[in-house]
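# Examination of the molecular architecture
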Amino acid sequence: MAGRELVCVTGAGGYLASWLVKFLLEKRYVVHGTVRDPCDDKNSHLKALEYASENLQLYKADLLDYEGLYAAIEGCDGVFHVATPVSAPVANPEVEIVEPAVVGARNVVNACVKAKVKKVVVVSSVAAIIRNPNWSKDHVLDEECWSSFDNSKPRTGWDWYDVSKTSAEQEAVGYADRNELNLVTVCPSLIIGPMLQPKINSSSNFLLLLFGKSNLGEFYHSSSSSSSAAANDDEQMDNEKIDFGSIGLVDVRDAAESLLLVYEKADARGRYICNSYVVRVEDVVEKMKKLYPNYNYPKSYNEDIAWPKLSSKKLQALGWTYRTLEDTIIDSFNNYVDRGELTKK
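Worth saying up front: this structure is predicted, and the values here are computed from it rather than measured.

Reading guide: rules and limits
Residues numbered from 1 in each chain as written. Predicted model: local features only at pLDDT ≥ 70, side-chain atom pairs only at ≥ 80, totals over all residues. Heavy atoms only, no water. Helix = DSSP H or I, 4+ residues; strand = E, 2+ residues; numbered from the N terminus. Expected span 1.5 Å × (residues − 1). Buried < 20%, exposed > 50% of the residue type's maximum accessible area, 1.4 Å probe, protein only. Arc of directions from axis to C-beta. Contact = heavy atoms within 4.5 Å. Pairing = 2+ DSSP bridges. Axes fitted to C-alpha atoms, helices over the stretch in contact; angles between N-to-C directions. pLDDT = per-residue confidence, 0-100. Polar contact = N/O pair within 3.5 Å; in protein donor to acceptor, adjacent residues only side chain to side chain.

## Some remarks on helix H12 (residues 325–339)
Its 15 residues give H12 an end-to-end C-alpha distance of 21 Å, which sits within 8% of 21 Å, the value for a rise of 1.5 Å per residue. Inspection of H12 places Leu325, Thr328, Ile329, Ser332, Phe333, Asn335 and Tyr336 among the buried residues, and these make up the whole buried set. Relative to the axis of H12, the buried residues are bounded by an arc of 165° and lie together on one face. The inward-facing, buried residues of H12 abut strand S8 (190–192), helix H8 (205–210), strand S10 (246–251), helix H9 (252–264), strand S12 (277–280) and helix H10 (281–291). Glycine 340 occupies a position one or two residues after H12 and carries a positive phi of about 90°.

Spelled out as structure tokens, the structure:
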């Protein structure tokens, strides 16, 4: 597929979507982006992107607004469904996280069928792959693996996000299959790297937490002080212990490039895991210490809780490559300093 095509990106102002919009514009695509409020200053970074003035149009729509989504999608050759409900703590996760994700996926795919879109790329997550008690620790998970949840057990924290991503992907794939829509899903691991958007996203808080600064630490450790810590030099977070030992990581720019890759490759089919590293958190911290020794790093980790092995061979077979972890850490650090999230020491 060539440039100058018209494509739609849902949730265009978000972390991953902002980088995708940037890359699409640089390749001279014409982009329709859905956002909650096109006039909101939090979307000003999109309007400042190169080629945005002539090739980017923002549409007011959210996941539950079918008519708004259809208005943005109508006439498009392709659609990237990146929008996802908020994953921060909410009062009613079933209603505020899971339901909007599933209904939103259905609305987007339904609009794509009606608008006769040629190809759809849906951003899912490895959360839809790794949460299954039947997989052994040595089993390398691939695209054939699906998360499975025990509905008899209470859900907390990231459980709801994992359920929402799994359910939404299944909804999108099932609807597309029934309507013979060309749909591909990409399942990234935890996305880190520099931010374009003004507000910190939840996954970026992972590196900030390791630096000793974050406002979403409750997702990464169970310290009682985590939810009340402020992100400034005088009120650093208690990050002494991280409650897991390893994690899957991918740079946001590599994840965005994977979306473009599967869209432009005519032979791309099905699901694609997008993961660069499954790495011990302690090893990440050691790399950070060598680069930036003067920060308040964690002192212990729960090695009993570890991510499973993941294979991105299918995506790499299409030609996907990824940055070194050191490059991602350096670019993230510089971005955090430029934004005022970290003070250079």
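This is not the end of the story, as more comes after the structure.
## A short note on the sheet that holds strand S5 (residues 119–123)
If you trace the 7 strands from one edge of the open sheet to the other, you get S3-S2-S1-S4-S5-S7-S11, paired in parallel fashion. In the strand order of this sheet, the two ends are held by strand S3 (56–60) and strand S11 (270–274), each with one partner. For this sheet the average axis-to-axis angle between neighbouring strands, irrespective of direction, equals 20°. In the sheet, strand S4 (residues 78–81) pairs with S5 via 4 bridges, with the strands oriented parallel. Across the sheet, residue glycine 78 finds its bridge partner in S5, namely lysine 119. Contacting strand S1 (6–10), S4, S5 and strand S7 (183–188), helix H5 (residues 93–114) runs over the sheet at an angle of about 175° to S4. Of the strands in this sheet, S5, S7 and S11 touch helix H7 (residues 158–178), which is tilted by about 165° from S7.

## Comments concerning unusual backbone geometry
Even without a glycine there, the phi angle at lysine 116 is positive, about 60°. Along the chain, lysine 116 falls in the loop between H5 and S5. The backbone of glutamate 180 sits at a positive phi, close to 55°, despite the residue not being glycine. Positionally, glutamate 180 belongs in the loop between H7 and S7.

## Quick word on the sheet that holds S12
In sheet architecture, strand pairing relies on hydrogen bonds along the backbone and comes in two forms, parallel and antiparallel. One open sheet accounts for 3 strands, arranged S8-S10-S12; its pairing is mixed. Of all strands in the sheet, those with a lone pairing partner are S8 and S12, marking the two edges. On average, each strand axis in the sheet is tilted by 45° relative to the strand beside it, whichever way the strands run. Both S10 and S12 contribute to a ladder of 4 bridges, which runs antiparallel. The partner of serine 246 across the bridge, within S12, is arginine 280. Each of S8 and S10 touches H9; the most contacted strand, S10, lies at about 65° to it. Lying on the sheet, H10 is in contact with S10 and S12; it crosses S12 at an angle near 85°.

## Side note on the environment of isoleucine 97
Mapped onto the elements, isoleucine 97 comes out in helix H5. Judged by its relative accessible area of 4%, isoleucine 97 falls in the buried class.

## Describing the confidence of the model for the chain
Summary statistics for the chain give a mean pLDDT of 90 and a share of 90% for residues scoring 70 or more. The low-confidence segment residues 216–237 (pLDDT under 50) makes 54 contacts with residues lying over four places distant or belonging to another chain.

## Describing the environment of valine 284
Of note, valine 284 is situated in helix H10. A C-alpha to C-alpha distance of 9.0 Å links valine 284 and isoleucine 329, two positions 45 residues apart in sequence. With residues up to four places along the chain from it excluded, the contact list for valine 284 reads Leu207, Leu210, Leu249, Val279, Leu325 and Ile329.

## Observations concerning H10
Buried within H10 are the following residues: Val281, Val284, Val285 and Met288. Buried residues of H10 fall within an arc of 95° about the axis and therefore sit on the same side.

## A closer look at the side chain of asparagine 132
Residue placement: asparagine 132 occurs in the loop between helix H6 (127–130) and strand S6 (140–141). The buried category is assigned to asparagine 132, whose relative accessible area is 12%. Within the local environment of asparagine 132, its side chain forms a polar contact with the backbone nitrogen of asparagine 134, the two atoms lying 2.9 Å apart. Contacts of asparagine 132, omitting those with residues within four sequence positions, involve Trp146, Ser147 and Ser148.

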